[in-house]
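The primary structure of each chain is shown beneath.
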Amino acid sequence: TVETFYVLSPSHWGLSSQAWSITDGTWLTANGRVRSNIKKARTIANTLGVPFEHPVFESEHGISTLMPYIARYFPNATVVAMAYPGEPPLNQARAQILADVIGSNFTQEGKERNFLLLSADFAHHGNPEGTAEKDTRTRIFFNKPGPDTWIFAGCDNRPGMYVLAQLLVPESRCAVVFHTDSWRLSGRDAHDITSYFF
């Protein structure tokens, strides 16, 4: 049972006018509606000192792609959706603020009802060799996830990885169940590869 998904995504189209974008909107999917947890979204927006930025989410696939699955498998769950600049370099002080705000919802009690969901593509814009090199570094993080290894995760959601690393306990383990990339999937754009870890 999940009451609230905290979905963190890079802001892909540069529409964010703030350091963090947040919405209290609703997503209509083929599997039904997914509603924001308006109270929690407003609390985070107020804490961060930002207004709601609805236009950011109208075309943000980092969020909308996940909503049909939430609607299908967790039809009673609500969402707190956030988007922000995610590519390197990371503003670590800003990422720590985000980690503190999100982390306050993941106390021991909060972990019983909240779920952190990161939207992230890995190894952007490389050739096969460069992609393999980046993914080898990313596996350092997956092999031992935590505050000391998050920096190795080469992806477009660096703040999200930072938040995740701060919330993990030392005993945390990661299982990569599938790994591929856009070139292996499509056979196209061998010099503009994005990789994926599941």
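Use the structure listed above.
Please read all numbers here as calculations on a predicted model, not as lab measurements.

(A) Inspection of the pattern of salt bridges at higher detail. Taken as a whole, this structure holds four salt bridges when the rule is applied. Across the pair E133 and R137 runs a salt bridge, and its minimum N-O distance is 3.7 Å. Of this pair, E133 and R137 both sit in helix 6 (residues 128-143), four residues apart, roughly one helical turn. One salt bridge connects D181 with R184, and the closest N-O pair in it is separated by 3.1 Å. Using a relative accessible area of 7% as the deciding quantity, one classes D181 as buried. Through salt bridges that share partners, E3, E109 and R113 make up one connected network.

(B) Structural detail: the packing of helix 5 (residues 92-103) against helix 7 (residues 158-167). One way to put it is that helix 5 packs onto helix 7 with a least axis distance of 9 Å and a crossing angle of 55 degrees. Accordingly, the angle class assigned to the pair helix 5 and helix 7 is oblique. Between helix 5 and helix 7 lies a crossing whose hand is right-handed. Packed against helix 5, whose contacting residues are Q92, A95, Q96, L98, A99, I102 and G103, the element helix 7 presents P159, Y162, V163, Q166 and L167 at the interface. Across the contact of helix 5 with helix 7, the residue classes break down as eight nonpolar, four polar and no charged.

(C) Quick peek at the environment of V2. With respect to the helices and strands, V2 occurs in the segment before strand 1 (4-10). When the C-alpha atoms of V2 and V79 are compared, they prove to be 10 Å apart, with 77 residues separating the residues in sequence. Discounting chain neighbours no more than four positions away, the residues touching V2 are F74, A77, R113 and F115.

(D) Region of interest: the packing of helix 1 (residues 38-48) against helix 5. Where helix 1 contacts helix 5, the axes come no closer than 11 Å and their chain directions differ by 145 degrees. Both helix 1 and helix 5 take part in a crossing whose hand is right-handed. Every residue of helix 5 that contacts helix 1 at I44, T47 and L48 is listed here: I97, V101 and I102. Among the residues forming the contact of helix 1 with helix 5, the class breakdown is five nonpolar, one polar and no charged.

(E) Main features of the environment of Y162. By the secondary structure assignment, Y162 is in helix 7. Not counting residues up to four positions away in its chain, the partners in contact with Y162 are L90, Q92, A95, Q96, A99 and W150.

(F) Layout of helix 6. If you check helix 6, its first and last C-alpha atoms are 22 Å apart, about what 16 residues at 1.5 Å a residue would give, namely 22 Å. Taken as a whole, helix 6 has its buried residues at T131, D135, T138, F141 and F142. In a view along the axis of helix 6, the buried residues occupy a sector of 90 degrees, so they form one face of it. Of the residues in helix 6, the exposed ones pointing more than 90 degrees away from the buried face are E129, E133, T136 and N143. Residues of helix 6 that are buried sit in contact with strand 7 (122-126), helix 7, strand 8 (179-181) and strand 9 (193-197). Between the side-chain oxygen of the N-cap and the backbone nitrogen of E129 there are 3.2 Å, and the N-cap of helix 6 in question is N127.

(G) Unusual backbone geometry, seen in detail. Cis geometry is adopted by the peptide bond preceding P89, which originates at P88 and carries an omega value of 0 degrees. For H125, which is not a glycine, the phi torsion comes out positive at approximately 60 degrees. Among the secondary structure elements, H125 is positioned in strand 7. With phi around 55 degrees, D189 is a residue other than glycine that occupies positive phi space. Turning to its location among the elements, D189 is positioned in the loop between helix 8 (182-186) and strand 9. The exposure class of D189 is exposed, given its relative accessible area of 52%.

The rules we used
Throughout this description, residue numbers start from 1 for each chain and increase along the sequence as written. This being a predicted model, a pLDDT of at least 70 is required before a residue's local features are given, and a value of 80 or more before pairs of side-chain atoms are given or counted; all residues contribute to the totals for chains, interfaces and linings. Side-chain numbers come from the whole structure's heavy atoms, not from hydrogens or water. Only one rule defines a salt bridge in this text: a Lys or Arg side-chain nitrogen within 4 Å of an Asp or Glu carboxyl oxygen. The numbering of helices and of strands both runs from the N terminus, where a helix is a DSSP run of H or I of at least 4 residues and a strand a run of E of at least 2. To sort residues, take the accessible area from a 1.4 Å probe on protein chains only and compare it with the maximum for the residue type: under 20% means buried, over 50% means exposed, and anything in between is partly exposed. Whenever a helix is involved, its axis is fitted only over the stretch in contact; in every case the axis is a line through C-alpha atoms, and angles between N-to-C directions fall within 0 to 180 degrees. Should an angle fall under 35 degrees it is taken as roughly parallel, and over 145 as roughly antiparallel, whereas 65 to 115 is taken as roughly perpendicular and any remaining angle as oblique. Crossing chirality is assigned from the near helix's rotation relative to the far helix, an anticlockwise turn below a right angle marking it left-handed and a clockwise turn marking it right-handed. Here a residue-residue contact requires only that any non-hydrogen atoms of the pair lie within 4.5 Å. Charged residues are taken to be Asp, Glu, Lys and Arg, nonpolar residues to be Ala, Val, Leu, Ile, Met, Phe, Trp, Tyr, Cys and Pro, and polar residues to be all remaining types, Gly included. In a helix, the anticipated span is given by 1.5 Å times the number of residues less one. An arc is given here, and it is the one of the directions from the helix axis to the C-beta atoms. In protein, a polar contact means a hydrogen-donor-capable atom and an acceptor-capable atom, both N or O and within 3.5 Å, with residues adjacent in sequence counting only if both atoms are side-chain atoms; elsewhere, any N or O pair within 3.5 Å suffices.

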